[in-house]
Amino acid sequence: MSATTRTGSFSIGFRRGGSAWQKNLADVVTWAKANDFASLEVGSDIDQIKQVVAAGLSIGNAGLVAGRTLLSADKAERDDTVAKNIEFVRAAVKVGARNFFCVMVPPDPSVKRIDNFKNMVAGFAPLLQVMNDVGAKLVIEGWPGPGALCCTPETYLAFFDEVGSPAAGINYDPSHLIRMGIDPLRFCREFVDRIYHVHGKDTELLDEMRYELGHEQPATFAKGIPFGGTHWRYTIPGHGCMRWSAAFQILADARYKGHVSVELEDANFNGTEEGEKQGLIYSRQYLQSC
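Residues numbered from 1 in each chain as written. Predicted model: local features only at pLDDT ≥ 70, side-chain atom pairs only at ≥ 80, totals over all residues. Heavy atoms only, no water.

Visitor: Is there a simple way to think about the sheet that holds strand β4 (residues 99–103) in this case?
Guide: Strands belonging to one sheet form pairs held by backbone hydrogen bonds; the direction of such a pair is parallel or antiparallel. The sheet built from eight strands closes into a barrel, its strands ordered β1-β2-β3-β4-β5-β6-β7-β10 with parallel pairing. Neighbour-to-neighbour, the strand axes of the sheet open up by a mean angle of 30°, direction not taken into account. Inspection of the sheet shows strand β1 (residues 12–15) paired to strand β10 (residues 260–262) by three bridges, in the parallel sense. Across the sheet, G13 pairs through a bridge with S261, a residue of β10. This element, helix α7 (residues 184–191), spans β6 (168–172) and β7 (195–200) of the sheet and lies at about 155° to β6. (Pairing = 2+ DSSP bridges. Helix = DSSP H or I, 4+ residues; strand = E, 2+ residues; numbered from the N terminus. Axes fitted to C-alpha atoms, helices over the stretch in contact; angles between N-to-C directions. Contact = heavy atoms within 4.5 Å.)

In structure tokens, the structure reads:
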């Protein structure tokens, strides 16, 4: 029987990674089912979506096709990517995908943010019309990469207002909010009606390093941590600052029906097959207790 959270009874899955043991999708599916996971996140491959669904797992989300070029300043390139994604979304919905994942990182971060924002709206607005028609949802993860948009309340709110589509939503990943200094529970309350998918990933704040280095200037001597910076690091749920039960209660009160999907990025577990499998299982066990 698939695992669920204690609060809200949300099913627990994971995001398929790129390490060697996860290359063979059939093996990953078999391992996921044997360890009580309910869903997998996959890329933009219809055959992979079919394979996961046929095995009895749900699709947490699927990736968009060349998603970054939806923010391109080149209208022809943008329009071509919109057309490819419309075709993909229509086909993917028919075989069991509903959520479509993206990060709003533009192809050229050196372009002014306001201009990249306009390009983003122009690229996603026509795609969202189709997604709304077929019952699909866009789930935007707020990874604060180079030039990234839709990471903070400011740009999420502006984007939702501009596109005017209920299909535009959020992949709620508190790890990014914590590293940026944004209260993840306040964010959850404010945007709960737009949260269509949840990533189970946490962040530990390293107070001593933050004292030594602050957060405005790059370090002169200190080295960064894998899956982190100099004064913070991503962790499995329960090893960071996040109050998971409180967030799940907010979601449960709003009648959230989606998955909680572990995204394993933790220097204490990534790097070996044994470590990564342990990290996924420990994450599932902790989320079950929340």
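Picking up where we left off.
Visitor: Please clarify how the packing of helix α1 (residues 25–34) against helix α2 (residues 46–54) should be interpreted in this entry.
Guide: The packing of two helices is summarised by the inter-axis angle and the distance between the axes. Contact pair α1 / α2: the axes reach a minimum separation of 10 Å and the direction vectors enclose 30°. Classified by the interaxial angle, the pair formed by α1 and α2 is roughly parallel. For the element pair α1 and α2, the recorded crossing hand is right-handed. Taken together, the residues of α2 that come into contact with α1 (itself represented by L25, A26 and V29) are Q48, Q51 and V52. (Parallel < 35°, antiparallel > 145°, perpendicular 65-115°, else oblique. Left-handed = near helix turned anticlockwise from the far one by under 90°.)

Visitor: Just checking my understanding: could you explain the nonpolar core for this structure?
Guide: What tends to happen in soluble globular proteins is that the nonpolar side chains get buried as a cluster. Counting residues in each nonpolar core, the largest one holds 75 residues, and the members touching the most others are F100, M104, F124, L138, F159 and Y172. No other element matches helix α4 (residues 113–134), which puts seven residues into this core. Leave out the neighbours within four places in its chain, and F159 touches M104, F117, M120, V121, F124, L128, L138, I140, C150 and A168. Of all hydrophobic cores here, the second largest spans seven residues; its members include V103, V105, A148 and Y196. (Core = buried A, V, L, I, M, F, W, Y, C linked by side-chain atoms within 4.5 Å. Buried < 20%, exposed > 50% of the residue type's maximum accessible area, 1.4 Å probe, protein only.)

Visitor: Even after reading the chapter, I still don't get the pairing of strand β2 (residues 39–42), so can you show me in this structure?
Guide: Consecutive side chains of a regular strand alternate in pointing toward one face of the sheet and then the other. Burial along β2 is two-sided: S39 and E41 facing one way and L40 and V42 facing the other are all buried. Taken together, the two bridges between β1 and β2 define a ladder with parallel strand orientation. What sits directly across from F14, in β2, is L40. For the crossover that starts at β1, traverses α1 and ends in the parallel β2, the hand is right-handed. Here four bridges tie β2 to strand β3 (residues 58–63), and the two strands are oriented parallel to one another. Opposite V42, over in β3, you have A62 as the bridge partner. The parallel pair β2 and β3 is bridged by α2, and the resulting crossover is right-handed. (Right-handed = clockwise from strand over helix to strand, strands pointing away.)

Visitor: Would you explain the environment of L128 in this entry?
Guide: By the secondary structure assignment, L128 is in helix α4. Given the relative accessible area of 1%, L128 is considered buried. As for L128 and R243, which are separated by 115 residues in sequence, their C-alpha atoms are 32 Å apart. Setting aside its immediate chain neighbours within four residues, L128 contacts L138, F159, V163, S165, A167 and A168.

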